[in-house]
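Fold and geometry: a report
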Amino acid sequence: DEIVSTLRIAPTVSSDGKIKIRRTFFCLEGRAWVVVDFASGEGTPHLRELIHFYPTFDAQLQEGRVLVRSRALNLVVIPLGFTNPKIRFSRGEDKELPGFYSPELGVKFDSITLSMENPSARLPWLGGYLIVPEALAGFVSCAVSCGSGTISFQISGKAFRLSV
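Presented here is an overview of the structure given in this document. Being a predicted model, the structure only gives us computed values, none of them experimental.

Once that is clear, we can look at the pairing of strand β6 (residues 58-62). Here five bridges tie β6 to strand β7 (residues 65-69), and the two strands are oriented antiparallel to one another. Bridging from a neighbouring strand, Q62 pairs with R65 of β7. Connecting the antiparallel pair β6 and β7 is a turn made up of two residues, with E63 showing a positive phi of about 50 degrees.

Moving on, we come to the pairing of strand β4 (residues 32-41). For β4, the tally of buried residues reaches seven of ten residues, placing the bulk of the element in the interior. Two elements, strand β3 (residues 19-28) and β4, share ten bridges in a ladder whose sense is antiparallel. Looking across to β4, one finds that T24 is bridged to V36. Between β3 and β4, which pair antiparallel and follow one another directly, the connecting turn spans three residues, one of which, E29, has a positive phi of 55 degrees. In the sheet, β4 pairs with strand β13 (residues 125-133) via seven bridges, with the strands oriented antiparallel.

The next subject is the nonpolar core. Ranked by size, the top nonpolar core spans 22 residues in total, and within it I51, F53 and V77 carry the most contacts. Those elements that place two or more of their residues in this core are β4, β5 (47-52), β7, β8 (74-80), β12 (112-118) and β13. Here V77 is in contact with I51, F53, R65, V66, V68, L114, M116, Y129, L130 and I131, once residues within four sequence places are set aside.

Spatial strand order, β5-β12-β9: three strands in an open sheet with antiparallel pairing. Two strands close off the open sheet at either side, each with one partner strand: β5 and β9 (86-91). Recorded for the sheet is a direction-independent mean angle of 20 degrees between the axes of neighbouring strands.

With that settled, consider the pattern of salt bridges. Enumeration over the complete set of coordinates arrives at eleven salt bridges. Between R23 and E49 there is a salt bridge; the shortest N-O distance is 2.8 Å. Pair noted here: R23 is in strand β3 and E49 is in strand β5, with a separation of 26 residues, a long-range link. The partly exposed category is assigned to R23, whose relative accessible area is 25%. Among the ionic pairs, E117 bridges to R48, the shortest N-O distance being 3.5 Å. One end of the pair, E117, is in strand β12; the other, R48, is in strand β5, and 69 residues separate them in sequence. One network of salt bridges, in which partners are shared, links R48, R88, D94, E96 and E117.

Criteria and cut-off values
- Residues numbered from 1 in each chain as written.
- Predicted model: local features only at pLDDT ≥ 70, side-chain atom pairs only at ≥ 80, totals over all residues.
- Heavy atoms only, no water.
- Pairing = 2+ DSSP bridges.
- Helix = DSSP H or I, 4+ residues; strand = E, 2+ residues; numbered from the N terminus.
- Buried < 20%, exposed > 50% of the residue type's maximum accessible area, 1.4 Å probe, protein only.
- Core = buried A, V, L, I, M, F, W, Y, C linked by side-chain atoms within 4.5 Å.
- Contact = heavy atoms within 4.5 Å.
- Axes fitted to C-alpha atoms, helices over the stretch in contact; angles between N-to-C directions.
- Salt bridge = Lys/Arg side-chain N within 4 Å of Asp/Glu carboxyl O.

Written out as structure tokens, the structure reads:
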């Protein structure tokens, strides 16, 4: 298991103070990114992962994953740790999922916003998403262990076990 880099973000707390989320970013061998959130606390919250893409990208839902393509780059976004996630995406003027890129003040271009939702998560919850080039998207399986804080999966025959 070779992980080029790991970045952990300080935990954020919900406005009512009942839920704490810790986010960790992993760069796998410089070829793929994994974003993992660990949510703990009380209740069954509605959890949503959002990803915003540059305006040249388009998205297409395919078998529980999202193909995100531009002229120069084809990516696959694969949810991790979700049970039947609600996946949707929009571009531009959408009331719930607006998507814009603004290179300077007063200028904006429509862009894709991708949403992966778990409407009633059981806490603790461990999940997130994998972003991998389409050519490497031989994703096999995912195992999540909230107790040990690990996510394990395979990409193109190589096994990874990540700890948050």
